[in-house]
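Residue-level structural notes
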Protein chains: 2
Amino acid sequence: MDISEEIEKANRKAFDIMNRGKAVLTDFDFARKVIPGMKENIILHAGPPIDYADMIDPMKAAVQGALMFEGKAENLEEADKLARSGEIEFKPCHEVSSVGPMAGITTASMFVAVVENPEFGNRTFCNLHEGRGKILRFGATGKEVLDRLNWMNENLGPALKEVVKKKPVDLKSIAAEGVQMGDELHQRYRASSLLFLSSISENLLELPNAKEIFKFIADREQFFLNLAMPAMKALADPADGIKYSTIVTRMTRNGVSFGIQVSGMKGKWFTGKAEVPIGLYFTGFSQKDAAGDFGDSAIMETLGLGGLSSAAAPAVTRFVGGSPKDAIHATEQGYKITYGQSKDILLPAMDFQGAPLGIDILKVNETNILPSINTGIAHKKAGIGQIGGGISHPPLKAFNDALREYAEVYGL
Amino acid sequence: MDISEEIEKANRKAFDIMNRGKAVLTDFDFARKVIPGMKENIILHAGPPIDYADMIDPMKAAVQGALMFEGKAENLEEADKLARSGEIEFKPCHEVSSVGPMAGITTASMFVAVVENPEFGNRTFCNLHEGRGKILRFGATGKEVLDRLNWMNENLGPALKEVVKKKPVDLKSIAAEGVQMGDELHQRYRASSLLFLSSISENLLELPNAKEIFKFIADREQFFLNLAMPAMKALADPADGIKYSTIVTRMTRNGVSFGIQVSGMKGKWFTGKAEVPIGLYFTGFSQKDAAGDFGDSAIMETLGLGGLSSAAAPAVTRFVGGSPKDAIHATEQGYKITYGQSKDILLPAMDFQGAPLGIDILKVNETNILPSINTGIAHKKAGIGQIGGGISHPPLKAFNDALREYAEVYGL
């Protein structure tokens with residue numbers, strides 16, 4: 001076989017694995033009990049590796065808030081000192097089968113969702129959804145934020161554990177149905193969050209604290225975000241480490257850099273500068289206030305959702321100033337850089353074609369088309385939170401570097 | 001003013017009234033307590049006026065089942081005899097501010113929804129949603145059907161009454177949001193039913209029997225049908241009786257004939273033969289098994305939803321064998337025969353244009369384009385129920401007759 005045949009065979013395999021997988025929500029538990037290697041002194045963060053000192057302010061603040069949540073610091077200053085002391089180990093979520101939106105800060109005592117891919121036996125994890133406004137993942141750390149995290153740990157997590165233990169939830173099916181109902185599953189989760197709540201309601205309503213749990217979820221339109229992300233990661237992970245494959249298995253940002261990983265070069269990060277997203281800002285804010293793009297949520301685009309499925313949700317494109325035509329265009333661009341189409345995620349506006357699945361570094365390098373990523377925009381200062389929504393792109397450099405390395409490894 | 005100016009002015013007024021109205025769910029109660037003139041010996045049915053003897057079998061059976069539900073007959077034979085005795089008065093739902101899907105049979109003791117249009121002070125009514133399968137509205141009458149109706153009267157209706165008394169529900173907003181989420185609101189109510197349930201859940205969960213009520217609604221994907229219909233009727237009714245107006249205010253079928261009414265000729269039915277819908281049949285059934293088109297649900301198209309908003313729900317068009325392109329075409333045809341566009345019901349796939357609103361008999365006569373109506377298909381024999389879904393059209397004759405009469409009345 002010549003190398004192009006090897007690549008085709010490997011990419012077909014990676015694509016098939018991503019396409020064939022399932023993602024089932026089976027448990028909720030403390031991070032330290034379920035995430036492999038998780039310890040008291042480890043803090044997980046979004047994006048490729050980064051030192052605490054180099055993090056953007058909202059991510060630093062989220063670290064500080066998490067240390068207070070863990071009872072390791074009394075205040076932000078103490079937490080900052082501890083974070084710089086060398087006693088804490090910082091790790092990308094992605095390196096321990098996890099993901100987290102925005103700052104992605106996950107610590108040992110936090111409840112996380114557990115998602116299984118029964119086709120391949122792997123598991124993935126994600127922290128719980130706080131909602132909008134003042135929340136840790138955007139770098140807010142006040143009493144209200146910590147109280148909510150404690151409530152979630154004591155009430156939401158255990159309740160959801162009981163409910164999904166009784167009846168696991170097929171997250172891929174909910175994602176597929178959400179896409180039939182106007183969600184692209186990165187910005188917009190209106191339908192999928194309702195579908196999730198509806199799917200658990202029968203068992204949820206059996207619990208003594210059903211009312212408050214129900215209300216917490218019902219009040220959060222993006223509740224499904226923190227379930228869709230580990231679902232997509234559960235589909236991606238088994239496609240990692242396939243020799244010769246040029247399919248992207250991870251795309252993620254830490255506010256400073258944007259990193260990708262490629263199946264055929266397992267474990268290697270290729271990075272470039274994280275963009276400041278272009279988008280629509282809430283009243284009083286503008287692009288000069290915005291933090292660099294951050295969060296593991298680009299796992300949605302890695303699996304063909306979000307920006308690549310823009311055609312499913314013209315309302316999202318409209319939110320950032322575009323038209324339904326722009327939404328369709330973003331998906332058409334997606335087809336130019338992906339291996340094939342999802343068999344399960346079908347886009348009504350594209351004549352029910354499957355979502356563009358399996359971003360190929362060869363195609364990105366050939367066309368210079370970068371996947372559109374739909375994202376929330378955070379203020380660059382800690383504690384202010386979300387200031388808009390928009391579109392970002394990975395840096396072309398990451399794809400160029402990946403191709404260069406690939407050529408060296410495989411003698412292209 | 002010449003007559004064309006009179007017509008334009010009148011149609012603008014009718015259109016504005018339909019467009020400006022609101023539809024708020026404010027109560028549930030026994031039909032006899034809320035529907036004007038409702039009495040023990042009155043049976044309301046779908047469509048234009050029809051004698052019992054002339055009804056199609058599923059509608060006859062629904063009458064018989066309703067008489068048993070009312071305790072006026074022990075069995076179907078007794079009920080049939082009573083229905084033919086002259087003691088029962090049969091009336092179209094539409095003539096007492098009501099609507100009912102399929103057979104539309106509504107009797108004095110049934111719980112109905114009460115919808116108000118606060119802009120114009122009018123109220124409308126509709127019976128409660130039974131679900132699919134063996135149900136009275138398709139002519140099923142067994143113990144299971146009557147038991148369910150009794151349970152609905154004793155549990156569902158009173159619970160919903162309590163809930164909406166605490167917090168009325170803006171049905172037009174739910175319809176508008178449903179259309180953003182893949183519902184066209186005649187065949188497909190997946191999103192709007194979830195949105196409705198979510199909107200009442202906080203107060204619903206306060207009730208002692210919350211769990212069973214919640215489950216009953218959550219299990220019924222078309223639950224919102226019996227709320228959307230009186231909502232649309234609440235918007236239509238104030239536009240009735242505007243001198244010179246050629247806007248259609250009612251479209252409805254009784255299985256034998258299809259009737260329309262026109263604003264400028266209040267109270268007059270123009271009818272033609274009800275079509276057998278063209279569509280997709282469940283396994284084992286074909287068009288020769290199908291009943292003539294029936295139900296008041298064409299009130300949805302009268303207000304620009306259903307077939308006229310096909311572009312919102314390509315999944316529905318696909319269900320009956322068409323493509324997203326066909327769905328957009330059906331909506332484009334709708335624009336050719338309507339006065340204008342809804343300001344609230346916006347269609348993402350049509351670049352967020354409003355739904356085609358205000359069917360004009362002049363435009364229908366000029367173009368010979370008939371509005372597409374999305375409908376369920378019933379077996380022509382009683383008790384078998386739904387056998388498919390498809391598309392029907394009103395008879396051109398009804399529009400021709402209306403124009404002829406209009407010319408006589410107004411000297412066109």
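As the structure is a prediction and not an experimental result, all values here were calculated from the model. (Residues numbered from 1 in each chain as written. Chains lettered and ligands numbered in written order. Predicted model: local features only at pLDDT ≥ 70, side-chain atom pairs only at ≥ 80, totals over all residues. Heavy atoms only, no water.)

1. Some points on the packing of helix α5 (residues 143–166) of chain A against helix α8 (residues 210–218) of chain A
Residue and element names in this part refer to chain A. Where α5 contacts α8, the two axes come as close as 10 Å, and the packing angle between them is 110 degrees. Comparing their axes, α8 and α5 come out roughly perpendicular. Only E212, I213, F216 and I217 of α8 make contact with α5, whose side of the interface consists of R148, W151, M152, N155, L156, A159 and L160. (Axes fitted to C-alpha atoms, helices over the stretch in contact; angles between N-to-C directions. Helix = DSSP H or I, 4+ residues; strand = E, 2+ residues; numbered from the N terminus. Parallel < 35°, antiparallel > 145°, perpendicular 65-115°, else oblique. Contact = heavy atoms within 4.5 Å.)

2. A word on the pattern of salt bridges
Evaluation of the coordinates by the stated rule reveals 54 salt bridges over all chains. With its nearest N and O atoms 2.8 Å apart, the salt bridge here joins D237 of chain B to K233 of chain B. For D237 of chain B, a relative accessible area of 15% translates into the label buried. The buried category is assigned to K233 of chain B, whose relative accessible area is 0%. Of the charged contacts in the structure, one is a salt bridge between D240 of chain B and R250 of chain B, with a shortest N-O distance of 3.6 Å. With D240 of chain B in the loop between α9 (225–236) and β8 (248–254) and R250 of chain B in strand β8, this pair connects stretches of sequence that are 10 residues apart. In this structure, D240 of chain B and R250 of chain B share a single accessibility class: buried. When salt bridges with common partners are traced through the structure, they connect D27, D29, K33, K161 and K165 of chain A into a single cluster. (Salt bridge = Lys/Arg side-chain N within 4 Å of Asp/Glu carboxyl O. Buried < 20%, exposed > 50% of the residue type's maximum accessible area, 1.4 Å probe, protein only.)

3. Side note on the environment of Y52 of chain A
Residue and element names in this part refer to chain A. Here Y52 lies in the loop between β2 (42–45) and α3 (57–69). Taking the C-alpha atoms as reference points, Y52 and D80, separated by 28 residues in sequence, lie 9.1 Å from one another. Ignoring sequence-local partners within four residues, the contact set of Y52 consists of K60, V63, Q64, D80, A83, R84 and F90. Side-chain polar atoms of Y52 contact the side chain of Q64, separated by 2.7 Å. A polar contact of 2.5 Å, which involves the side chain of Y52, links it to the side chain of D80. (Polar contact = N/O pair within 3.5 Å; in protein donor to acceptor, adjacent residues only side chain to side chain.)

4. Some remarks on helix α4 (residues 76–84) of chain A
Residues and elements named next belong to chain A. Among the residues making up α4, those that are buried are A79, L82 and A83. All buried residues of α4 fall inside an arc of 100 degrees around its axis, so they share one side. Away from its buried face, by an angle of more than 90 degrees, α4 presents the exposed residues E77 and K81. The secondary structure elements touched by the buried residues of α4 are α3 and β3 (89–92). Where α4 begins, the capping side chain belongs to N75, and its oxygen is found 3.2 Å from the backbone nitrogen of E77. A positive phi of about 90 degrees marks G86, the residue just after α4. (Arc of directions from axis to C-beta.)

5. As for the sheet that holds strand β16 (residues 386–392) of chain B
All names here are of chain B. Taken in spatial order, the 3 strands line up as β11-β16-β15 in an open sheet, and their pairing is antiparallel. One side of each edge strand has no neighbouring strand; the edge strands of this open sheet are β11 (278–281) and β15 (373–378). Sheet twist, expressed as the average angle between the axes of neighbouring strands with direction ignored, equals 25 degrees. Where β15 meets β16, 6 bridges bridge the pair, whose relative direction is antiparallel. (Pairing = 2+ DSSP bridges.)

6. So, the confidence of the model for chain A
Taken over all residues, the pLDDT of chain A has a mean of 96, while the share at 70 or more is 100%. Both confidence scores are given for the complex: pTM 0.95, ipTM 0.92. (pLDDT = per-residue confidence, 0-100.)

7. Overview of the relation of the copies chain B and chain A
Rotating chain B by 180 degrees about the axis while translating it 0.0 Å along that axis superimposes it on chain A, leaving an RMSD of 0.0 Å. These values place the two chain copies in the arrangement generated by a two-fold rotation axis. In terms of proximity to the rotation axis, the leading residue of chain B is M181 of chain B, whose C-alpha is 2.1 Å off the axis. (Least-squares fit on C-alpha atoms with pLDDT ≥ 70 in both.)

8. Notes on unusual backbone geometry
Even without being glycine, S97 of chain A reaches a positive phi, approximately 60 degrees. Inspection of the secondary structure assignment puts S97 of chain A in the loop between β3 and β4 (98–99).

9. Structural notes on the packing of helix α3 (residues 57–69) of chain B against helix α4 (residues 76–84) of chain B
Residues and elements named next belong to chain B. Interaxial distance between α3 and α4 falls to 9 Å at its minimum, and their mutual angle equals 105 degrees. Our classification of the angle between α3 and α4 gives roughly perpendicular. Between α3 and α4, the residues in contact are K60, V63, Q64, L67 and M68 and L76, A79, D80, L82, A83 and R84, respectively. For the contact of α3 with α4, the per-class residue count stands at 7 nonpolar, 1 polar and 3 charged. (Nonpolar A, V, L, I, M, F, W, Y, C, P; charged D, E, K, R; others polar.)

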